[in-house]
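Architecture and fold: a report
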Amino acid sequence: MTDLYPSRRAPEPGVFPRRDAVVHSTWTPDAPLSRDQAEQFDQQGYLVLDDVFGTQEMATLQAETVRLLGDPSGLQRDTMITEPGGEEVRSIFAIHAQSQLIGRLASDDRLADVARFLLGDDVYIHQSRLNYKPGFQGKEFYWHSDFETWHVEDGMPRMRALSMSILLAENTPHNGPLMLMPGSHRTFVSCVGGTPDDHYKMSLKKQEYGVPDEDSLARLAHRHGIVSPIGKPGTVIIFDCNMMHGSNGNITPFPRANAFIVYNAVSNRLQAPFGAKTPRPEFVASRRVDPLFPVSDDLAAYAA
């Protein structure tokens, strides 16, 4: 397959225009988003949806988060990623496969139907995780495009995937919220340096390969600016797979917790990696294509 987005090959970084659509469906009045929302996603690469989940549903999800973090004995050990240099849990991967409730969340029509509309296809879960940024201890995550890693290390051929962050705790301006460069999704930044074997073991804690150069980041930031979407529990932040994003550390006493689900178009299933010897393991990048069937019953009914 032709590599439309080569990266980690040349000795110098490169900046290239996007070669894929952003919104893959034509808007109609029965779409799960308004016309303005669809246009914003196309132009800026992200959306913030307020009050997607109700109070009781969020209480159920929060209780599940407490259970998973408090008693991880039932979780696959490899899926638990701790903070660099510490034992605090940073992420739990493949969380939809380890929690019935999170699996149900990923199939919720309020999320899955939006993903199907924006990607113009049936969708499956490329990756899921519970992200936890503890008070005082939560470390930063440097600027990056997810697609660059998913393309180089997983073999995702095209930009036809998106991420949804479901806020489980309030994300404030101060506790390390997501930062985005709106509009940067239309530019692909190639990175320098090869991909070490088993790179994921290091990159899930702190990424050092597949990191954009500072000059390219500065140009993108000056051109597009930086936003930090915030919100209360129940808010959903959606952003394109090629969005340049990162987050600061959390030096407040207020933890940040998000359920994070990546939807990929079935037609965009993974191929051989474009810049790594072997693909990352299944819990990081699923090679099983199981199309989701959206469901609409109340999440609170899945309380333990």
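Described below are features of the structure shown in this document.

What counts as what
- Within any chain, residue numbers begin from 1 and follow the written order of that chain's sequence.
- Whole-chain, interface and lining totals are the exception, using all residues; otherwise, since this is a predicted model, local features are given only for residues with pLDDT of at least 70 and side-chain atom pairs are given and counted only at 80 or more.
- Values shown for side chains rest on all heavy atoms present in the structure; no hydrogens or waters enter the calculation.
- Strands are runs of DSSP state E lasting at least two residues, helices are runs of H or I lasting at least four, and both sets are numbered from the N terminus onward.
- It is over C-alpha atoms that the radius of gyration is taken, and the globule rule equals 2.2 Å times the number of residues to the power 0.38.
- Think of it in three bands: with a 1.4 Å probe and only protein chains considered, a residue is buried below 20% of the maximum accessible area for its type, exposed above 50%, and partly exposed in between.
- Accessible areas in this description were obtained via Shrake-Rupley with a 1.4 Å probe; residue shielding takes into account the shown protein chains only.
- All tallies of charge rest on Lys and Arg as positive and Asp and Glu as negative; His and the ends of each chain are not included.
- The atom standing in for a charge is NZ when the residue is Lys, CZ when it is Arg, CG when it is Asp and CD when it is Glu.
- Any two strands are treated as partners once DSSP identifies two or more bridges connecting them.
- Axis definition: a line fitted to C-alpha atoms, limited for helices to the stretch in contact. Angles are taken between N-to-C directions and run from 0 to 180 degrees.
- Remark: nonpolar core denotes a set of buried residues (Ala, Val, Leu, Ile, Met, Phe, Trp, Tyr, Cys) joined through side-chain atoms within 4.5 Å.
- Two residues qualify as a contact provided that any one of their heavy atoms is within 4.5 Å of a heavy atom in the partner residue.
- For each structure, a 1 Å grid was placed over the protein atoms alone; sets of points admitting a 1.4 Å probe that cannot get out are labelled cavities, open sets with protein on both sides within 12 Å along at least five of seven lines are labelled pockets, and lining residues have an atom within 4 Å of a point.
- Grid points are joined across faces, edges and corners, and a volume is the space filled by probe spheres set on the points.
- Residue type decides the class: Asp, Glu, Lys and Arg count as charged, Ala, Val, Leu, Ile, Met, Phe, Trp, Tyr, Cys and Pro as nonpolar, and the leftover types, Gly among them, as polar.

Helix and strand content of the chain: 8 helices and 12 strands. Scaling as 2.2 N^0.38, a compact globule of 304 residues should have a C-alpha radius of gyration of about 19 Å, and the chain matches this with 18 Å. Dimensions of the chain, computed from C-alpha atoms along their principal axes, come out at roughly 50 × 50 × 35 Å. A buried classification covers 55% of the 304 residues belonging to the chain. Here the chain has roughly 13400 Å² of accessible surface; of this, 50% comes from carbon and sulfur atoms. One way to put it: in the chain the 29 positive side-chain charges average out to a point 4 Å from where the 38 negative ones average out.

Paired through backbone hydrogen bonds, the strands of a sheet run either parallel or antiparallel to each other. In space, the 7 strands of this open sheet follow the order 2-10-7-12-5-4-3, with antiparallel pairing throughout. Of all strands in the sheet, those bounded by a partner on one side alone are strand 2 (46-49) and strand 3 (80-82). Taking the axes of each pair of neighbouring strands and ignoring which way they run, one obtains an average angle of 20 degrees across the sheet. Pairing geometry for strand 7 (residues 161-167) and strand 10 (residues 236-240), over 5 bridges, is antiparallel.

Now for the nonpolar core. Ranked by size, the top nonpolar core spans 44 residues in total, and within it Leu105, Met164, Ile166, Ile238 and Tyr263 carry the most contacts. With 6 residues, helix 5 (residues 109-119) is the single largest residue contributor to this core. Residue contacts for Ile238: discarding those within four places in its chain leaves Phe41, Gly45, Tyr46, Leu47, Leu49, Val114, Leu118, Leu162, Ser163 and Met164.

The next subject is empty space enclosed by the protein. Following the criterion strictly, the structure yields 1 cavity of 30 Å³ or more and no others. The set of elements that each furnish at least two residues to the lining of the largest cavity consists of strand 4 (89-93), strand 5 (123-133), strand 6 (141-145), helix 6 (146-154), strand 7, strand 10, strand 11 (244-247) and strand 12 (256-265). Here the element with the most residues in the lining of the largest cavity is strand 5; it accounts for 5 residues. Taken together, the residues of the lining of the largest cavity sort by class into 10 nonpolar, 13 polar and 8 charged.

The next subject is the layout of surface pockets. In this structure, the largest pocket spans a volume of roughly 270 Å³. Considering the residues around the largest pocket, the lining is formed by 15 residues, among which His96, Ala97, Ile125, Glu282 and Ser286 are closest to the centre. Taken together, the elements giving at least two residues each to the lining of the largest pocket come down to helix 3 (95-98) and strand 5. With 5 residues, strand 5 is the single largest residue contributor to the lining of the largest pocket. Each residue belonging to the lining of the largest pocket can be placed in one class, and the counts come to 6 nonpolar, 6 polar and 3 charged.

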